Structure formats: structure tokens, C-alpha cells
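Secondary and tertiary structure notes
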Amino acid sequence: MIWKIAKKEFLLNLMTFKFVIGTTVCIVLMAVFMPGLVSDYGERLQNYNGNVAMNEAEFQKVKVYNNLTPTVYRTPTVLSVFSKGIVDRLENSERIDLDEVSGTETGVGETNTLLSVFPTLDVTLIFKIVISVLALLMAYDVVSGEREQGTLRLILSNTTSRHQVLLGKLLAGWMTLAVPVTVAFIIALLILLTSNAVSLSGADWLRIALMYVVSLVFVGSMFNLGLLVSAVSRGSAIALVFALFLWLCMATILPNAGAHIAAQLRPIESPEQFAARLKAITDQRDREIADLPRDIQEGEGTSRSDGTGAFGNGLIVFANKPFMDYLTRLYPITEPHKMQCIDKLLHVKAEYLGGLVRQKHLADTLAGVTPIILCERLMSTLAGTDFGNFGSFKGRVRTYRHEVADYIRDKTANFTSPIYFTPSKEGDQERFFETYFKPYDQTQDKAEKAKLYEIAMQKYQQAATDAPTLALQDFPAFTYRSQSLMSTLQQAIPAAGLLIVEGILFFALSFVAFLRYDVR
Amino acid sequence: MIPLIIRKEVLETILSLRFTLSLLLIVATFAVGGFAFVSKYEQQVQDYSVDSNRSLAALRDRTSRLYRLALHKQDIYRAPKSLTLCVEGFEKSMPNYYRLNAFSKELPQIKGRTNALMFGFFDVDWVFIVSLFLSFGAMVFAHDSLCGEKEAGTLALLLAGSVPRHKILLGKYIAIMLTLGIPLLLGILVNLLIVTRSNSVAIHTGEWLKILVIVLTSFLYLSIFALLSMFVSSRAKRSVISMVVLLFIWVGLVIVIPSSGRTMAQGFQKVPTQVELQRQVGDATSRLSEDCIAGKYGEKAGTATPDGNECDPEGRARFRNDATQLANRMIDEHINRMIAQVAAGRHFTGISPAEIYRRACESIAGTGIQRFSQLCRQTVRYQDDFRDYICTRDNEDPASLHLPCEDSYAAGMWKAMSHQPVDFDTVPRFQERDLALGQSLKLAIWDIGLLGLFNLAFFTAAWISFMRYDVR
């Protein structure tokens, strides 16, 4: 009997005006906006590839090991078209450097921060707004509408029991709503697959499948909520108004009010404090380094040539023996010290970022009782655009820093080898001075002197550019895998559980309400 | 006859559940918005006074020598504004920190207690409440204004009397606007009471006038939704169908179209990233330095020795000024492109009355993107004034070479600029100038006109449609 009711209701629903218009709106929105979202991703990918290629090209120019300060980039997530999440607003690169920690601001991922005047648009928005409205529209008159028409009495006067009627209607509603969800996903996938920029891995497919399931559960819960409203109200008009106000609160008031309360309850560290904490650490480091015994005047015997080094660094083209000796004694002390300091800086930065994330989490949690926010959170977790994926990138960068440091330590015999800072060999500078600067010093003639100076400078530049580049075939490559599906699932379970519980709760309540419903 | 219809309609709506629901919801939201604004504003004022005092103290420190003052990078912060109460305009995600000296400047940045992860959220300001809730309320009140009567069979009865159709239409329209006015005005009143009761927010006379204009614009905006709902209501046979159609139109106009602005903006206009801009500026200035080394600014323009007579301070100053001007120009162009990108997106989203309304209110209140571009322009003007001041003071010192340029070496060693102290009180300081109501209105007039046009279009549509409505 349940099945029969469901089938009849389902067919009836398909014929309704609201279903037709809701599904059409969904399809049109998908078809119009999906290409834009995909091309946005394509652009991000292109930027990423450009940056990575530029970084790779620098490796060909490395002449000394202390120039090895590559930048690592976070790969854009293809599933961000489904849910933008927050990763776009977080930094997407990090420079591996012993001296400083780069990118202390958030928001650097955005090209134009002014674009924040437009709310984000992604597939989730279409689901959480359009399809959730449709779900409520399908459900608001399920009980109260039949009562108004008088058909409810007719049905119940037969042998059909109340729970059969309700279950049949529930099944029919779910089946009806599955249609636009499925169609929307198919269109999204079609547009995604026809784009050249996109390639989906097996895990991506699985994630999309899970997002599909979440969407179904979500519209199911919303339908149950509508059912509850319908079962507690006498007239369908009142049910509709009530359901829509409920929806408005859930979709707009709660999330924004939650953000406000979160900002009050959990204020973030002021940027000045944060900058001061970073500065205290670097100042301390610089003081400690300055306190090291200096058995040589700084600058003595050096020739710096900035800009010829890789990754925008300068390098010492020539160094005389005392200076070279001094540096080979100095670096083994300073560099490990700097590395420790970097760890401290990273810790402070992580704390600051953690503060931002905690505020966002609180905002989500405060508003997170509603199915709409739960769905949004789940989608971004599954798409890998919430903080989890960013965290795994950061974790990987931290280990990569140590890999790079270990590599350099290994290659330079614990920073004692001159190749750490200069490509020149012992005696090179003396020979160079002998050959080019001595004649210059000895000449008295002004014109001749200028010419000799010119030649000496040219040769110097030549020596800088001609210095052999390092063979870096065994340099550790930065590979980073986005968060595994298992850990994503682990993160998603609480929200998913809550969503399902809410769905069941709404149904249970509407069941009770319907059993006590006065059908007259 | 019309007053009678209005009175009866208003009474009927006021006694309905939907009115009570919306009234409660809207007034509560206005109250929440008021409390949230006060606490946020207090924090902003506190942060701003700390920041600007620090910046002024640093400026005062530099007055011991004119050249140090000229080369000192000033920090300019955006002051908190009380009218963000009405429309915050996403100011939290806009650059609020400008850094400049007499010659060069930096790209404005976002500084302060901002959490970029929260940029996606709206502030619960008036425009947010009106554009979302009250427009929704307008729809709920008006969706069955005509077809509902037909369903009930009362429309045929009504028209059987001597009342002409246009009177019914007008009466119903005015009644809807009046019922909408109750939650709107009551909400605003509660909100203003909360805000003015706290002593931290001061609203001036000019701002009260602006608030009044914003309230009037809100009515204009709500009237669009009332008329649209009446139009749909006069096309539909049943009120449920009218509600469904309106709901989807509302979702499209108020939520989907504004959200699509970003994609559209990025499609139409490209803006390089900050890193790219820095690279471009670096490349351009290093090309200029190469020119300088090659002798474009005179043979000795590149040399710098302690004795100015051995070098060419004039050539060096010309080179420096060219370099700073070039960099400034590139930064200005970048800012213009950022604004143009948003404008491109907003041109598209301008098909939605909600966006037009937001834009109009931002222009009137002087917040949001409008304020950002104003501030950028004002800092440029301030920099010019400041440089003029430096030049005038420098000319008074006979010991100076009178070569103002961004070069601490030239200024320090060769006295390219004066080393005399200056009186701090005479130094021009940056002061944000609010636009007068007339100027703000001029900026908003186009948008207000558009809102009026929407009104006219839907009114005509509703009129024609109702005249031809089959009441059976």
C-alpha cells in the first residue's frame, strides 16, 4: 500500500507547477554558472602551473646552497566548483627560507579583495537555496493540503493506516526531490568533464558521489521539516508562510548572526600583537647571532653580487681566505640556530591562524544546528576546501622545510663547506685581484684607469654568471597529497550524523503530529 | 473609497499570522543588528584611536628635520563610520590602511582585527534586513492580494459594486506599503534607540538627513517587490502558484544574481595579483635604473659620494622622481583596475533591484566600495598637498639644494632638502572628508532613478494585468 501511495504521489508531484519551475530554475542556474566556475578553476590552475614552472626554472640557476629558497605552492582543488569553502582566502604558497617566514596575512589567495562584495557562488549555494526551497514547497501541503481538499478523510476512512499514508508521502517526496538533485549533478559533471582543464581522479569521483549522497540526505531532511510544519498546521497557506520564514531564518539570519556572536565571544589576536610576537623572536635571534664572537671585520674580503643568485637571492662571488674561513666557522653555528627560530616563528603563526579558524568554527557551530549549514559544511569538507586540507598542506610544508635543511646540511658537510655561500675556490679572489685590479691600481693615466676598471667589472660579472650551477637532481621534490578520503570521512562523520539525526527527528515529530492530526 | 479599502486591508493584514511573524522577526533582527553594531563600533573606535595616535606621534618625531618629515612613511587608517550602521558595505574586506610619504606610496592593505575566513558573512545592517527580510515580507503580504480574493470569491462581489478596478489596485498597493512600513519603521526605531542609547556612537545632523534618505530609498525598494507581487498575483489563478513563482523570482533576484557578480567580474576584467604587481613595479624601476646607469639622466647621476660637487644631484633627483612617479602610477592603475573589476561585476548584478538598492544606500551613506575609491582619491590629493608643503618649507631654507625627491642619501649628505626643523602644527594632516548630502545624492541618483523605473514598470504591468484580469 505504501508503495502504491508513493507511486501515485510521485507522479502527481512531477506534474505540479512548483516542481517544474523549481527543476527548471536549477537546471538553468547550473547551465549558466557552472562554466564560469570551471573557467575560474582553470585560471587558478594556470596560475599555479605558471608559478611552479617559474620556481622550477630557478633551480637551474642555483650556484650556492644558501640560495636554495624555493617557494612551494598549494594545488587548487578541482572540487572547489562544488563548494568554495575557505581555502581560497588562505595563503596558497610558502617560501622555504631559513631567515624568515613568508606570507603572514590571510586573504593573499585572492587576487582582488574588493570582490568580497559579492557573496560566493558555487554548486552548494544552488542546493542550499533553490533545492531547499523546493523541498519545503513540496512538503508544506502534504498533510494540510489534503485536509483542505477533504481527501484526507476519504483516504483514512478506508483500511489504509495513518503511518502508511505518511510513509508513502515521505517516499514520494524524496523520490521527487531526487530528480532535480540528480539532474543538477549530471549537468555539473557534464560541464566539468567537457572542460579541458579538469581531470578527475578516482578519489574525486568518490567524493562527488558522497556529495551527491549528502545532497540527497539534505533535501530529505528539509522535506521532513516541511512535513513537520504541514502536520502541525491546519491550513496549507499558514504552513507555507511558516515554513518559508523558518527557511529564511536558517538560510540567512542564523549564519550571519552566528558570525557576529563568534566575533564577540572569540576575538582574534590583534595583528599588532601578532607582529610583535614574531618580531620578538627574530630580534632575539639577531641579538644572539650578533653576540657570536667575531674574529673578522664584516665585509672584509667579500665581493657581493646581488641578483645573480637563484630565487632572487644574492651570492658571494669571491671571498678571500680569512673571510671564507670565518664564514665556514660561522655558518655551522648560525644556520641551525636560525632553523630553530623558524620553528618558533611557524608555531606563532600557526597559533594566529588557529585563532582565525577557531572563530570561524564557532560561527559554524553556533549556526550549525540547521540542516542548511550542516550541508554547507559537509560539502566543503568533502570537496577538500575547508581547513583540513589546508592544514595537511601546512603540515607537509613543515616536514619539507626539514627535508630541505637536511639536504643542504648533508651536501655542505653541516654548513662548513664554502659551497654553502660561494662558488669560488680558495685563492680565486687573490688571483682575480692580481689579474685585474692590480693593473688598475698601478696605472696613473685616467683614461686607461677607467678602461681597466670597466674590464675588471665586466670580468667580475662574467665570473658571477659563469660560476658552475649545482647539480640538484637529488633535491627533495615537494609532493603533497591532499587529505586522504578516510580522514575526510572522519571529519565529516559528526556533521553527517547530526544531519541524519535531524532528518529522523523531523520525521518522528511529524509522525507523532500526524497520528494526532484532526482530519476534519 | 480608497481610504476605506486601505483601512480594511491594513486591519486584515495586521491581524494575520504572517504579519505577526514578520514583525517579530524583523524587529528582533534590527535589535540584534543594533547591539552587534555598538560592540563592533566601540572596538573599531578604540583600535583606530590607538593606531592613529601612534601614527601622529611618529609624524611628530620626524618634524626635527624637514627632510626626515618628507621621507617618513605615514600610516593612514580608515576611521570608523557611524553610518555603517545602515550599510556596512563589506568594509571589513576592503583595504583600510594606506602608507605614503611625500613622494611614494604603497598599495592599500587590509589591517586590523579582520578574519579573512569570515569575509563571506554579511553584517546585519539595515540594508541586509530590508533587502532580504522585508522584501520577502512584501512578497508574503502581497502574493495573494488579488488572486486570493478571486479564490475566496470576493473579487467578483467587489467588482460588482461601483468601485472601479484602479481604485482597488491603488488601495491594495497603499495598504501593503503601509503594513510594510510598520515593521520597517519600528525596527529602525528600535535599532536607533539601541545605538543612540550607547554613548559611543554619535550621529550628526547631516547623517540624520542621510538616514532619512536611506529610509525613503528602502520604501522605494520595497515598493518594487510589492508591485511585482501584485503583478504576479494578477496573472496567477491561484495564490499558491503566485507564491511559488514569486519565491523563485525572489531567490533569483536577491540571492543568486548578487552571488554571480564575482564570476562575471572575473570573466570581464582581469586584475594581476599583488605579487605580479610587485614584480611589474620592480621590473619597471630596474629598467629605469639601467637607463640611469646608461647616462639618460646625465653622466654622473648614478654616482653617490659624500661630496655633492663630484656627483650630479639634479640628475639623481630627476631619476628618483621619475622612478617614484612611475611606481605611483602603476599602483594607481592597479587600484583603478581593482575598482573597475568590481564595477564590471556590479553592472551585471545591477539587473537585481537588491543590488541597485545596496549600491544606492552605499553611495548615500558613503560606505563600501564608493568610500574606498574616495579614500584612494583623497590620499592622492593629500600626498600632493603634503609635497607642496614640503617644497614651500624647503624653499625657505637657503642652505638646501631644493631638490625634493625620495632619496635619503641625497637629502642627508648633500642637503638636497632642508635640514631645518618644522612646526608640527603647520604640517598638513590627513583628514577624511565626508561627501555632503548633495554630492552623495548625485552619486546615488542614477541608482535611485533605476529603482523608480522598476517601480514604474511593475506598476504599469500590474495595472494592465489587473484591468484585464478574469475575476471569475
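Here the structure is shown first, and the text comes after it.
First things first, this report covers the structure right here in the doc.

1. Some words on the overall build of chain A
- For chain A, the count of helices and strands is 15 helices and 4 strands.
- The C-alpha radius of gyration of chain A comes to 33 Å, more than 25% above the 24 Å expected for a compact globule of 520 residues.
- Judged by the C-alpha coordinates and their principal axes, chain A covers about 120 × 45 × 40 Å.
- Excluding contacts between residues fewer than 6 apart, the proportion of contacts in chain A whose partners are at least 24 apart in sequence is 83%.

2. Some thoughts on the packing of helix α9 (residues 271-290) of chain A against helix α10 (residues 321-367) of chain A
Residues and elements named next belong to chain A.
- Two elements in contact, α9 and α10, have axes whose closest approach is 10 Å; the angle formed by their N-to-C orientations is 170°. With respect to each other, α9 and α10 are oriented roughly antiparallel. Within the contact between the two elements, α9 uses Phe 274, Arg 277, Leu 278, Ile 281, Arg 285, Glu 288 and Ile 289 and α10 uses Thr 334, His 337, Lys 338, Cys 341, Lys 344, Leu 345, Val 348 and Tyr 352.
- Within the contact of α9 with α10, the residues separate by chemical class into 8 nonpolar, 2 polar and 5 charged.

3. Considerations on the environment of B:Leu453
- Structurally, the position occupied by B:Leu453 is in helix α15 (residues 437-467).
- Counting along the chain gives 229 residues from B:Leu453 to B:Ile224, while the straight-line C-alpha distance between them is 9.4 Å.

4. Some remarks on the interface of chain B and chain A
- Across the boundary between the two partners, chain B contributes 56 residues, which contact 52 residues of chain A.
- Among the elements of the structure, α2 (17-61), α4 (126-142), α9 (239-268), α11 (313-349) and α13 (368-395) of chain B are those that each provide at least two residues to the side of chain B that touches chain A.
- In terms of residue count, the dominant contributor to the side of chain B that touches chain A is α9(B) (18 residues).
- The residue inventory of the side of chain B that touches chain A, partitioned by class, reads 36 nonpolar, 16 polar and 4 charged.

5. Remarks on the packing of helix α7 (residues 202-232) of chain A against helix α15 (residues 485-515) of chain A
Residue and element names in this part refer to chain A.
- Their axes nearest at 8 Å, the elements α7 and α15 cross at an angle of 20°. Taken together, the axis directions place α7 and α15 in an arrangement best described as roughly parallel. The two elements α7 and α15 cross, and the hand of that crossing is left-handed.

Cut-offs applied
Residues numbered from 1 in each chain as written. Chains lettered and ligands numbered in written order. Predicted model: local features only at pLDDT ≥ 70, side-chain atom pairs only at ≥ 80, totals over all residues. Helix = DSSP H or I, 4+ residues; strand = E, 2+ residues; numbered from the N terminus. Rg over C-alpha atoms; globule rule 2.2 N^0.38 Å. Contact = placed C-beta atoms within 7 Å. Axes fitted to C-alpha atoms, helices over the stretch in contact; angles between N-to-C directions. Parallel < 35°, antiparallel > 145°, perpendicular 65-115°, else oblique. Nonpolar A, V, L, I, M, F, W, Y, C, P; charged D, E, K, R; others polar. Left-handed = near helix turned anticlockwise from the far one by under 90°.

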